[in-house]
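A structural walkthrough
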Amino acid sequence: MLEKDYLDPSTIKSQCSAAITEIDTDNSALSVAYTAVDSFINDTTIKSDAFDALKSSFRPYLTIITRLKNANESDKADFETLKSSVGSEVLDGSVIVPKMKAAWESKTNNENTANYYYGLAASTTDIMLASSYSQIGSSFSTLAGFDYLTYLYWKRKSDKFDEIEGATSGLFSGSATSRSYCVKDPSRPNSKGLSTDVNNTLATDSMKGKMAKRFGAVEDVSDLYYKVTSNTIDIDDLTDEQKELIVEYYEALHPDDAEALAKATKKLSDDEAIDLKARVYTAPPRFKDNFINNVTDAAEAKEDFDKFDNGKISMKKLSNERTAAAVAYYDIYHLDEARAMTHNLLPMINEGYDDHVNNIKLLAYTADEPYKSVFLENVQYVKVEDIHSSNSYEWCHGIYINVDDMGDASDASENDYRTYFHEMSHGIDDHFKWKSNSYSNANGTTLDDTLQKEVRQKIEDAVYEAIEDEGYTKEEQKKIVETITNEIMNTTNYDPNATPSFNGNVTYQGYYSEVVEDVKEDVINEMSDVYGGYTGNTLRVNWGHEAVSEETRSDGTTYERTYWLESDLDSNDKAVIKYDSNGNVIYSGSQEKEFFAESMSAHMTGADFGMDGYNGYSEETKEIFEEIVKEMDAAA
């Protein structure tokens with residue numbers, strides 16, 4: 001099965017039934033013709049040698065008519081066979097083939113990841129760590145097994161198509177022999193039959209002249225069309241003349257599509273129209289039909305896309321119909337990106353959320369580089385597992401979201417799609433084995449280093465500002481700064497109704513409260529999550545992950561989970577925070593992961609909420625993030 005292949009049993013059965021009706025009509029007409037010719041031949045009312053010779057010349061037509069009727073009956077039988085062979089399931093190569101490929105690639109990727117963690121388990125002497133790595137490796141092995149089952153599921157559909165194709169490939173060959181005797185053989189002057197020098201209603205004189213000049217025969221253009229649709233030849237490698245021939249060839253066979261595209265391209269130049277039509281007609285059925293059904297004015301669709309891309313029009317200003325047209329237009333020119341996004345968003349497409357799908361595609365297609373390329377090159381490695389999840393999260397290259405949280409697509413803004421891009425960005429980071437955690441620059445600086453540094457710096461600056469006019473010596477100031485900063489940075493779970501005791505030092509308590517409120521004023525939008533993550537949610541402002549949550553195991557028992565900090569469980573399944581040799585909490589690495597996902601989401605959507613937060617971070621932090629993205633881009 002090829003990606004261009006498409007089988008719709010209901011349509012084929014309907015077409016077969018219509019063809020059988022046409023054959024019956026043709027045979028009825030042939031019977032009338034046979035009777036008329038036979039009556040003329042056997043007419044005895046006129047007697048002359050010339051008339052007898054004329055009647056004799058008509059006799060071969062009785063044979064030809066009989067053979068044509070036999071050929072039609074053979075075709076009729078084959079149409080009945082075809083109707084009974086195609087089954088009842090739609091088999092779309094543009095869905096099945098990418099699904100097979102993605103499942104196999106995911107299987108391979110999960111196997112490699114499993115081996116990676118198995119290798120870590122084998123290389124460590126820490127028994128607990130080895131056990132943890134082995135469990136992770138086992139999880140990825142299980143995922144690889146599920147991927148293989150998914151691959152087999154889609155392969156069975158591909159095989160079914162191939163079986164149907166094989167079983168029906170010999171149909172309609174029987175009628176060819178009967179018809180061959182009805183056509184005069186140019187190599188045998190005395191052969192009986194009709195001349196082949198007749199008008200071909202499927203090709204204009206202009207088209208036949210062009211074909212004869214460049215290709216010599218209609219079959220050559222048909223072969224060229226097939227090679228482009230099967231990806232043997234790239235549409236961009238064709239000459240303008242070849243594109244024009246493909247357009248004329250296709251439009252002669254599909255007049256309804258030709259009429260639709262003539263209207264859609266009327267504002268384009270002739271060269272632009274031919275190029276666009278050639279791309280549409282040779283695109284996989286899903287994207288061809290999507291364009292024909294949604295684009296009534298290609299010039300307007302392109303203008304809308306460009307305006308949105310350049311920030312001259314917002315998503316709210318575009319109707320669902322105009323967004324659909326703009327996306328369909330872009331898809332035709334960027335089929336690889338269209339396939340990747342369509343494959344990723346199939347769960348939403350299958351449930352009829354086409355308008356949300358178009359909004360998401362529009363954002364992905366118009367994101368700035370290199371964020372756009374990193375996303376589109378790696379979207380194939382992340383699955384949308386659930387679109388009705390009660391919580392949004394990413395797990396093992398799969399995302400779980402709630403499409404209802406996106407609201408009404410006709411009134412949606414860029415901000416409404418932050419969660420989708422956020423979780424997808426986690427998946428991409430996961431695909432790169434959490435590069436947000438592992439990356440370090442030439443100086444050995446990590447994202448965690450810069451994030452910790454800037455959070456700590458903001459706290460220290462706020463403390464200095466609070467005590468600068470209090471008359472403390474530098475040593476006293478230093479001590480106060482360190483005490484309050486360390487208290488905030490080592491908070492395990494912030495209680496808004498409590499203040500640290502500081503051994504009963506009321507002055508320190510006052511400074512603490514003042515500093516917390518002061519720093520929060522500089523925590524903008526999505527910064528809240530990460531700043532909260534480094535401070536046990538002390539500096540969380542408007543939203544963020546919980547520092548400690550209660551989770552449920554498969555057996556129904558519960559345990560405490562810390563998101564931002566490393567911890568163990570005691571005998572009562574309560575979290576016990578881990579500390580380093582200096583008595584400081586050990587961060588889990590979730591801070592960098594969340595910063596990466598939030599920052600990628602901000603750049604993919606361009607939403608003010610996300611970009612304002614991103615721009616609130618230090619230049620050093622943003623520089624490390626951009627280096628990570630560029631490294632991902634280079635790898636892709």
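Per the secondary structure count, the chain includes 26 helices and nine strands. Taking 636 residues into account, the globule formula puts the C-alpha radius of gyration at 26 Å, and the chain, at 35 Å, lies well above it. With the principal axes as the frame, the chain shows a C-alpha extent of 140 × 55 × 40 Å. Sorting the 636 residues of the chain into buried and exposed places 44% on the buried side. Excluding contacts between residues fewer than 6 apart, the proportion of contacts in the chain whose partners are at least 24 apart in sequence is 67%.

Two faces, one strand: in a regular strand the side chains alternate between the faces of the sheet. One ladder, built from four bridges, connects strand β4 (residues 388–395) with strand β5 (residues 398–402); its direction is antiparallel. Counterpart to Tyr-393 in the pairing with β5 is Tyr-400.

Going through the model one piece at a time under the given rule, you end up with 28 aromatic pairs. Ring geometry for Tyr-153 and Trp-154: centres 5.1 Å apart, planes at 80°, overall edge-to-face. Of the residues examined, Tyr-153 reaches a relative accessible area of 41% and is grouped as partly exposed. The class for Trp-154 is buried, based on a relative accessible area of 14%.

Further remarks concern the pattern of salt bridges. Pairs may arise between side chains of opposite charge once their charged atoms sit close together. Per the counting criterion, the structure on display carries 28 salt bridges. Glu-259 is the partner of Lys-263 in a salt bridge, and the nearest nitrogen-oxygen pair spans 3.7 Å. Note that Lys-263 and Glu-259 are positioned in helix α9 (residues 255–264) at a spacing of four residues, about one turn of the helix. Where Asp-331 meets Lys-361, a salt bridge forms, and the shortest distance between an N and an O atom there is 3.1 Å. Separated by 30 residues along the polypeptide, Asp-331 in helix α13 (residues 320–333) and Lys-361 in helix α16 (residues 354–366) bring together distant segments of the chain. Of the two residues, Asp-331 and Lys-361, both sit in the buried class. Each of the salt bridges in this network shares a partner with another, and the network as a whole consists of Asp-236, Lys-243, Asp-275 and Arg-279.

All right, on to unusual backbone geometry then. Cis peptide bonds are those with omega within 30 degrees of zero, and the linkage from Glu-369 to Pro-370 qualifies with 0°. Residue placement: Pro-370 occurs in the loop between α16 and α17 (371–378). Although it is not a glycine, Trp-434 sits at a positive phi angle of roughly 55°. Take Trp-434: its relative accessible area is 16%, and that puts it in the buried class.

Structurally, Ile-274 can be placed in helix α10 (residues 270–282). Taking C-alpha positions, Ile-274 is 52 Å from Ser-139, a pair spaced 135 residues apart along the chain. Those residues in contact with Ile-274 that lie beyond four places of it in its chain are Asp-240, Lys-243, Glu-244 and Val-247.

Relative to the 21 Å expected for 15 residues at 1.5 Å per residue, helix α22 (residues 506–520) spans 21 Å between its end C-alpha atoms, a close match to the ideal helical length. Looking only at α22, the buried set comprises Tyr-508, Tyr-511, Tyr-512, Val-515, Val-516, Val-519 and Lys-520. Buried residues of α22, viewed axially, fall in a sector of 155°; they line one side. Capping the start of α22, Asn-505 holds a side-chain oxygen 3.0 Å from the backbone nitrogen of Thr-507, two or three residues further along.

All right, on to the packing of helix α20 (residues 447–467) against helix α26 (residues 619–635) then. As a packed pair, α20 and α26 sit with axes 9 Å apart at the nearest point and diverge in direction by 160°. The pairing of α20 with α26 is recorded here as roughly antiparallel in orientation. For α20 against α26, the interelement crossing comes out left-handed. When α20 is examined against α26, the residues Leu-447, Thr-450, Leu-451, Lys-453 and Glu-454 are found in contact with a partner set consisting of Glu-620, Thr-621, Ile-624, Phe-625 and Ile-628. Classifying every residue of the contact of α20 with α26 by side-chain character gives five nonpolar, two polar and three charged.

As for its placement among the helices and strands, Glu-592 is situated in helix α24 (residues 590–605). With sequence-adjacent residues up to four places away left out, Glu-592 is seen in contact with Ser-436, Asn-437, Leu-447, Asp-448, Leu-451 and Tyr-534.

What follows deals with the side chain of Thr-323. Relative to the helices and strands, Thr-323 is located in helix α13. Those residues in contact with Thr-323 that sit more than four places away from it in its chain are Leu-318, Asn-358, Asn-359 and Leu-362.

Take the nonpolar core next. Counting residues in hydrophobic clusters, the biggest one holds 139 residues, and the most contacted among them are Phe-291, Met-341, Ile-360, Phe-375, Tyr-417, Tyr-420 and Phe-421. Counting residues per element, this core draws most heavily on α20, which supplies eight residues. With near-sequence residues (within four places) excluded, Phe-421 lies in contact with Ile-360, Leu-363, Ala-364, Phe-375, Ser-601, Met-604 and Thr-605.

Turning our attention to the sheet that holds β4. Pairing is mixed across the open sheet formed by three strands, whose spatial order is β3-β5-β4. Here the strands that pair on one side only, and so sit at the sheet edges, are β3 (383–386) and β4. Between one strand axis and the next, the sheet turns through 40° on average, direction left out of account. Sitting on the sheet, helix α18 (residues 418–431) touches β3, β4 and β5, and the angle it makes with β4 is about 30°.

Here we take up helix α21 (residues 474–489). A turn of α-helix holds 3.6 residues, and therefore any two residues three or four places apart point the same way. Taking 1.5 Å of rise per residue, 16 residues should cover 22 Å, and α21 covers 22 Å from first to last C-alpha, within 8% of that figure. If you check which residues of α21 are buried, you get Gln-477, Ile-480, Val-481, Ile-484, Thr-485, Ile-488 and Met-489. The buried residues of α21 occupy an angular sector of 150° when projected down its axis, which confines them to one face. Every exposed residue of α21 that faces more than 90 degrees away from the buried side is listed here: Glu-475 and Lys-479. Residues of α21 that are buried sit in contact with α20 and α22.

Let us look at a negative patch on the surface. Taken together, Asp-461, Glu-465, Glu-468, Asp-469, Glu-470 and Glu-514 make up a surface patch of like negative charges. Among the secondary structure elements, Glu-465 is positioned in helix α20.

What counts and how
Residues numbered from 1 in each chain as written. Predicted model: local features only at pLDDT ≥ 70, side-chain atom pairs only at ≥ 80, totals over all residues. Heavy atoms only, no water. Helix = DSSP H or I, 4+ residues; strand = E, 2+ residues; numbered from the N terminus. Rg over C-alpha atoms; globule rule 2.2 N^0.38 Å. Buried < 20%, exposed > 50% of the residue type's maximum accessible area, 1.4 Å probe, protein only. Contact = heavy atoms within 4.5 Å. Pairing = 2+ DSSP bridges. Phe/Tyr/Trp six-rings, centres within 6.5 Å; stacked < 30°, edge-to-face > 60°. Salt bridge = Lys/Arg side-chain N within 4 Å of Asp/Glu carboxyl O. Expected span 1.5 Å × (residues − 1). Arc of directions from axis to C-beta. Polar contact = N/O pair within 3.5 Å; in protein donor to acceptor, adjacent residues only side chain to side chain. Axes fitted to C-alpha atoms, helices over the stretch in contact; angles between N-to-C directions. Parallel < 35°, antiparallel > 145°, perpendicular 65-115°, else oblique. Left-handed = near helix turned anticlockwise from the far one by under 90°. Nonpolar A, V, L, I, M, F, W, Y, C, P; charged D, E, K, R; others polar. Core = buried A, V, L, I, M, F, W, Y, C linked by side-chain atoms within 4.5 Å. Patch = residues over 30% accessible without salt bridge, like charges linked within 9 Å, V, L, I, M, F, W, Y side chains within 5 Å. Areas by Shrake-Rupley, 256 points an atom, 1.4 Å probe, with all protein chains shown as cover. Lys, Arg positive; Asp, Glu negative; His and termini not counted. Charge placed at Lys NZ, Arg CZ, Asp CG, Glu CD.

Shape descriptors only; they carry no functional weight alone.
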